[in-house]
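# Overview (structure and organization)
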Amino acid sequence: MLDLADVRKTYARPEGAIVALGGISISAEPGEFIAVRGPSGCGKTTLLLAAGGLLAPDAGRVIVDGEEIYALSPEDRARIRATRIGFVFQQFHLIPYLGALENVLVPSLGVPRRDAMTRARELIDRFGLAPRAHHVPAELSTGERQRTALARALFNRPKLLLADEPTGNLDEANAEVVLRALAEFAGEGGTVLLVTHGGNAASYATRVISMKEGLLCSGD
Amino acid sequence: MSVWRLIARELAFRKLHFALGVIAIVVAVGCLVAEFALLRAHDVRTNGILAAKEAETRARMAEMEDAYRKIMKGLGFNVLILPKDQNLSEFHADDFASKTMPEEYAQRLATSGIITIQHLLPSLQRKIEWPERKRRIIVMGIRGEVPIQGGGRKEPLLVAVPKGCAALGYEIHRSLNLSAGDSIEICGRTLSVQTCQPERGTKDDITIWMDLAEAQEMLGAKGEINAIYALKCQCAGVGMEKIRGEIARILPDAQAIEFASQALTRAEARERAAEDARVAIESEARNRAHLRGEIEAYGAILVPLVLVGCAVWVGLLSLGNVRERRMEIGILRAMGVRSRQILLIFLGKAGAMGLAGALIGYAAGILAGPGSTALLAAVVAGAPLLAIVAGWLPAMIAAQQDPAIVLREE
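This report concerns the structure included in the present document. (Residues numbered from 1 in each chain as written. Chains lettered and ligands numbered in written order. Predicted model: local features only at pLDDT ≥ 70, side-chain atom pairs only at ≥ 80, totals over all residues. Heavy atoms only, no water.)

With that out of the way, let us pick up the overall build of chain B. Assigned secondary structure in chain B consists of 12 helices and 11 strands. Burial statistics for chain B: of 410 residues in total, 46% are counted as buried. Sequence separation of 24 or more characterises 80% of the internal contacts of chain B that already satisfy a separation of 6 or more. As displayed, chain B has an accessible area near 19,800 Å², and 59% of this comes from carbon and sulfur atoms. (Helix = DSSP H or I, 4+ residues; strand = E, 2+ residues; numbered from the N terminus. Buried < 20%, exposed > 50% of the residue type's maximum accessible area, 1.4 Å probe, protein only. Contact = heavy atoms within 4.5 Å. Areas by Shrake-Rupley, 256 points an atom, 1.4 Å probe, with all protein chains shown as cover.)

Throughout the structure, instances matching the rule amount to 2 aromatic pairs over all chains. Centroid distance Phe87(A) to Phe89(A): 5.8 Å. Interplanar angle 0 degrees. Geometry classified as stacked. Relative accessible area serves as the criterion here: at 5%, Phe89(A) is assigned to the buried category. Aromatic pair Tyr97(A) and Phe13(B): ring centres 5.7 Å apart, planes at 40 degrees, arrangement tilted. Of this pair, Tyr97(A) sits in the loop between strand E6 (85-89) and helix H3 (100-105) while Phe13(B) sits in helix H1 (residues 3-13), which puts the two residues in different chains. Seen from the ring of Phe346(B), Arg325(B) lies directly overhead, with NZ or CZ sitting 4.8 Å from the centre. (Phe/Tyr/Trp six-rings, centres within 6.5 Å; stacked < 30°, edge-to-face > 60°. Lys NZ or Arg CZ within 6 Å of the ring centre and 35° of its normal.)

For the rest of this paragraph, the subject is the interface of chain A and chain B. The partner chain B presents 29 residues to the 27 residues of chain A that form the contact. For the chain A and chain B pair, buried surface summed over both sides reaches about 2,600 Å², with 64% attributable to carbon and sulfur atoms. Where chain A packs against chain B, one counts 4 salt bridges. Breaking the side of chain A that touches chain B down by element, the ones donating at least two residues are helix H1 (44-51), helix H2 (74-84), E6 and H3 of chain A. Examining the composition of the side of chain A that touches chain B, we find that 5 residues originate from one element, H2(A), more than from any other. Looking at the side of chain A that touches chain B residue by residue, the class counts come to 16 nonpolar, 6 polar and 5 charged. (Buried area = accessible area lost by both parts, 1.4 Å probe. Salt bridge = Lys/Arg side-chain N within 4 Å of Asp/Glu carboxyl O. Nonpolar A, V, L, I, M, F, W, Y, C, P; charged D, E, K, R; others polar.)

Right, let's talk about the packing of helix H5 (residues 142-154) of chain A against helix H6 (residues 172-187) of chain A for a bit. All names here are of chain A. Two elements in contact, H5 and H6, have axes separated by 9 Å at closest approach and are oriented at 15 degrees. Considering their axes alone, H5 and H6 lie roughly parallel with respect to each other. In terms of crossing hand, the pair formed by H5 and H6 is right-handed. Contacts between H5 and H6 involve Gly143, Gln146, Arg147, Leu150 and Leu154 from the former and Asn174, Val177, Val178, Ala181, Leu182 and Phe185 from the latter. Taken together, the residues of the contact of H5 with H6 break down into 7 nonpolar, 3 polar and 1 charged. (Axes fitted to C-alpha atoms, helices over the stretch in contact; angles between N-to-C directions. Parallel < 35°, antiparallel > 145°, perpendicular 65-115°, else oblique. Left-handed = near helix turned anticlockwise from the far one by under 90°.)

All names here are of chain B. With 12 of 14 residues buried, strand E3 (residues 117-130) lies mostly within the body of the structure. Direction of pairing for E3 relative to strand E10 (residues 227-232): antiparallel, over a ladder of 5 bridges. Note that in E10 the partner of Gln118 across the bridge is Leu231. Once E3 ends, the chain turns through 4 residues before running back antiparallel as strand E4 (residues 135-142), passing Lys134 with a positive phi of about 55 degrees. (Pairing = 2+ DSSP bridges.)

Glancing now at unusual backbone geometry. Residue and element names in this part refer to chain A. The backbone of Phe92 sits at a positive phi, close to 70 degrees, despite the residue not being glycine. You can see Phe92 is positioned in the loop between E6 and H3. Despite not being glycine, Arg157 has its phi angle at roughly 50 degrees, a positive value. In this structure, Arg157 sits in the loop between H5 and strand E7 (160-164).

Residue and element names in this part refer to chain A. The 4 strands are arranged E2-E1-E4-E5 in an open sheet whose pairing can be described as antiparallel. Both edges of this open sheet fall to strand E2 (18-28) and strand E5 (67-68), since each of them pairs with a single strand only. Those strands touched by H1 are strand E1 (2-11), E2 and strand E4 (59-64), and its axis lies near 55 degrees from that of E2.

Printed below as a string of C-alpha cells:
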C-alpha cells in the first residue's frame, strides 16, 4: 500500500544543512498499523508529509497504492490525497468557522460525492459527535475536535491514514478512542502510519519503528 | 460542501474583515456614483434653469412685442418711402412731399417679397387752406394698409377711413367743437366725422384723414400718392442701408428715409432687451458649463484616487486574510483541494465584497442626485471586478502556498 524507498530530504538552513530523512525505506501493507517513534526534530513529520504527497523528497521513491506520487502532476497528486489518503494532526486543524459536521464534509470540496451528507452524518454518529454536529471547533472539547478531525480524515474512505501525533493534546480516555479508531481502520484493511514521540500508540500498532536524526533505528 | 458555502461561512465568521472591505468599496462606489449623480442633477437643474429663463424671456419678449406694436400704432410708422426726385430739405421744411409717385408702387412693394419692412400704408398728403373754415389744415388720404404677401397676417397699425368719412385731428375737432357723427364740408365735399383723435402735440392735431381715392380726386392727383409709410422689420441685422438697398431694387424711382425717433428708441430698447436676455441666457449656460467642468475636474481627481485607495485597501485586506488562513489553506490542500479552488475561495470572497459594496455604495451615491439603471449595472459589474483584481495577487499567493511548509511549521 505504501512504499518508501531510500527517501532522502535535506533542509538548507543559513546555519547549515539539516538532514531530515537520510535514506528511509518503509513498506506498509493493507491492514498494517505502523507507529514511528522518535524525539522531536528527528524527521517524523517530514516522513509523514513525504508519504502524503505534500513534500517532495530530494531522492528516493514514494509509492502509494501502486502510484509513484512524485512522478505525478500536482493536480493528480491532489487527487491521490483526496481519494486515498487521510491526514490527522496533533493540532486538529479544523476550519474554525465550520461546524463539526461541515468540517467532516470539507474533503468533499476536493472530491464531490452524492452521498456526502450521509457519509458525514455516519461518521459524526460513529464518533459520538451528533449532539455537537453544528458546533464550531471553539465550542468543542479537545477530544471532540480530534474525533472530528479523525472523522474528516476517514470521510473519503482512504486506503492510507497518516497521523501526526494525533494523541499529543488528548487526555488518556480520548487518546484511547482515537487510537482504537485507527486500529479499527487498520483492522478493516486500511494502512496507518502514525508518528509519535510517546509510547501509548505502540500498544495498538502492528509494527513500531524508531527514528533518530533522519534514520530508522530499529523495527519489529 | 461547496466553495460558495465555504465563502459564505467565512464571511459570516469574519464579519469585521468583510465589513472593512465592503466599507472601502462603498466609499469608492459612493464617490463614483455621487459624481455621476451630481453631474446628472446638475444637467437637470441647468436644463430647468435655462428653460425657465428662455420661457421667461419669450414671455417678456412677447409682452414687449405687443407693447411695441401698440406703441408703434400710437406713434405711427418709422420708414417713409418718397418719390426719388423729392427734395428732402423741402420735405422737412414743408412736412410733406411735393412730388408724387404712382399708387401702384405700394402694390409692387407688397408683392415683391420684401422682408425689411412691414405694414405698407400708401398716402397722399397736402397742406391746404380749408375754404369752408378759413384755416390751414393737412389733408391725408389713406386707403388702409396694403398686405405684404408671404409676410403672415399682421394687425394693421392704422385702419382705413371709409369713403365719405373723415377722422379729425385734436385741434380741429376741439376748436370747431366737432364730434363723431357730425358732418363737415371740405372743398365742396360733405364728409361724416367718424373719429376724433386724441391730442398728440404734432401736426396730426391739424390733420383730416379721409379715403385716399376721395383725397386724390379732391387734390387733383388721381392714382398718385406722395408717400408710403412703412414699419421697419425688427429683425436682426435689418438697418436702413439694407432697407434702402431693397427698396432701390424694387422701386428704382423711390427713396426711403427713417423717422419717428421715439419709436426707434423704443424699438432699439426692445432689441437691446432681447439681446440682453440672450446674453444672460448664454452667460447662465456658460456659468453652468463652468460649474459642471469644475465638478468633472474634481471628480476626475477624487474618483480615481478613491478607486486606487480602495483597491489597495482590498488588496491589503485580502493579503491579511491569506496570512490569517495559512493553516486552513494548508489543510485544504492536504485534503486534495485544488489550487484553482483555493483561488476561487479568495476571489469569490473579494467578489462578494465588491457586490455588497456596489449595492450599498450605489444607494449612498444616489443621495447626491438621480441614478440610472445603466450606472447601477456598471457598478454592480465593475465593483466586484475591481475587488477581484485587487484580491488577485493575494489569492494567487494563497493558491500557490506550499502546504508542506505550513504543516511542517506546525
